[in-house]
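Working through the structure, step by step
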Amino acid sequence: MTAPIPLAGSTASSISLYFAPNSSAFAPLVLLEEADAEYRAVSISLATGEQHGPAYRAINPQGRVPTLVVDGTPIPEVVGIVTWIAHRYPGAAILPADPVDRARAYALMSWIASTVHVALAQIRRPERYADDPSIRAALEAPGRAAFAAALADLEARSNATSSPYLIADRFGAVDAYALVVRRWADGLGLDRTGFPSFADRTDALFERASVRRARNRETLTLSAAA
């Protein structure tokens, strides 16, 4: 676990985000940047199993990332963290003001967490579901099929709106979470021609200032851990 890295020029913050690179934690990392929050980023090495060590388990007993710690209180799970950021920084408007759009945003984020992320875990982390190596190997094919179906769903959603954002008319939590899915798709080596609208949309979002800062924050934090 690396030492927390505060924002340049900031004072010590009571907000710390524990994350791993290329994980779902990228969404809250982006949203904290979007909100111009003062926070600390702490990298957790999933490759070495650091998430299962006693230091991190004391913060998140499930051994999962991300976890946001606010004044010593841990908040796990992306949707929980998004909710806190939205309430703490209302000016950032990371969730839609309209109640129907806000409900749609929560529904889409919940689907990513409960369906898309599970499909990825079947491919990348089958040990979560089985001890038997043969069963682990058998999980990959249905995981890839479910992930491909999820990308098709996101492609349809992307095609269905003329807005540069998936829900409502401004960048928000759903878009940050969509970037996570795009990163996962790239990590799996999937051809963008299978989801051209979603690929073009997320390409544009990766150029957003808050997203660029989040990517830089990831790199700086990981460099400090090396």
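Our structure is the block above this text.
Residues numbered from 1 in each chain as written. Predicted model: local features only at pLDDT ≥ 70, side-chain atom pairs only at ≥ 80, totals over all residues. Heavy atoms only, no water.

Our focus in this paragraph is the packing of helix H5 (residues 133-159) against helix H6 (residues 173-187). Remark: H5 packs on H6, axes separated minimally by 12 Å, with the N-to-C direction vectors making an angle of 135 degrees. The angle between the axes of H5 and H6 places the two elements in the oblique class. Relative to H6, the crossing made by H5 is left-handed. Taken together, the residues of H6 that come into contact with H5 (itself represented by Phe147, Leu151 and Leu154) are Val181, Trp184 and Ala185. (Axes fitted to C-alpha atoms, helices over the stretch in contact; angles between N-to-C directions. Helix = DSSP H or I, 4+ residues; strand = E, 2+ residues; numbered from the N terminus. Parallel < 35°, antiparallel > 145°, perpendicular 65-115°, else oblique. Left-handed = near helix turned anticlockwise from the far one by under 90°. Contact = heavy atoms within 4.5 Å.)

A separate point is the pairing of strand S2 (residues 15-19). Burial analysis of S2 places 5 of its 5 residues in the buried class, the great majority of the element. With 4 bridges joining them, S2 and strand S3 (residues 40-43) adopt parallel strand pairing. In the strand pairing of S3, Phe19 is matched with Ser43. Viewed along the sheet, the connection from S2 through helix H1 (residues 26-34) into S3 turns out right-handed. (Buried < 20%, exposed > 50% of the residue type's maximum accessible area, 1.4 Å probe, protein only. Pairing = 2+ DSSP bridges. Right-handed = clockwise from strand over helix to strand, strands pointing away.)

Let's shift gears to H5. For an α-helix, the turn length of 3.6 residues means that residues three or four places apart are oriented alike. With 27 residues, H5 ought to run about 39 Å at 1.5 Å a step, and its terminal C-alpha atoms sit 40 Å apart, in line with that. Within H5, the full set of buried residues consists of Leu139, Gly143, Phe147, Ala150, Leu151, Leu154, Glu155 and Ser158. (Expected span 1.5 Å × (residues − 1).)

Turning next to the nonpolar core. With 62 residues, the main nonpolar core has Phe26, Leu68, Ile85, Phe147 and Val181 as its most contacted residues. Here the element with the most residues in this core is H6; it accounts for 10 residues. Once residues lying within four places of it in the same chain are set aside, the contact partners of Phe26 are Leu179, Val180, Arg183, Phe206, Val211, Ala214, Arg215 and Glu218. Among the nonpolar cores identified, the runner-up in size contains 8 residues, and Ala20, Ile44, Tyr56 and Ile59 belong to it. (Core = buried A, V, L, I, M, F, W, Y, C linked by side-chain atoms within 4.5 Å.)

What the rule picks out here adds up to 4 aromatic pairs. Arranged with centres 6.0 Å apart and planes meeting at 50 degrees, the rings of Tyr18 and Tyr56 form a pair that is tilted. One end of the pair, Tyr18, is in strand S2; the other, Tyr56, is in helix H2 (residues 54-57), with 38 residues separating them in the sequence. Among the residues examined, Tyr56 registers a relative accessible area of 1% and is labelled buried. Considering the side-chain rings of Trp84 and Tyr89, the 6.1 Å spacing of their centres and the 80 degrees angle between planes classify their relative orientation as edge-to-face. When the ring centre of Tyr89 is taken as origin, the NZ or CZ atom of Arg88, which lies over that ring, is 4.7 Å away. (Phe/Tyr/Trp six-rings, centres within 6.5 Å; stacked < 30°, edge-to-face > 60°. Lys NZ or Arg CZ within 6 Å of the ring centre and 35° of its normal.)

As a further point, take the pattern of salt bridges. Considering all chains together, one arrives at 12 salt bridges under this definition. The salt bridge partner of Asp186 is Arg182, with a shortest N-O separation of 3.1 Å. Of this pair, Asp186 and Arg182 both sit in helix H6, 4 residues apart, which is roughly one turn of that helix. Under the relative-accessibility criterion, Arg182 is labelled buried at 6%. Salt-bridge contacts for Asp200 lead to Arg192; the nearest nitrogen and oxygen are separated by 2.9 Å. For Asp200, a relative accessible area of 48% gives the class partly exposed. One salt-bridge network, in which partners are shared between bridges, spans Arg182, Asp186, Arg192, Asp200 and Asp203. (Salt bridge = Lys/Arg side-chain N within 4 Å of Asp/Glu carboxyl O.)

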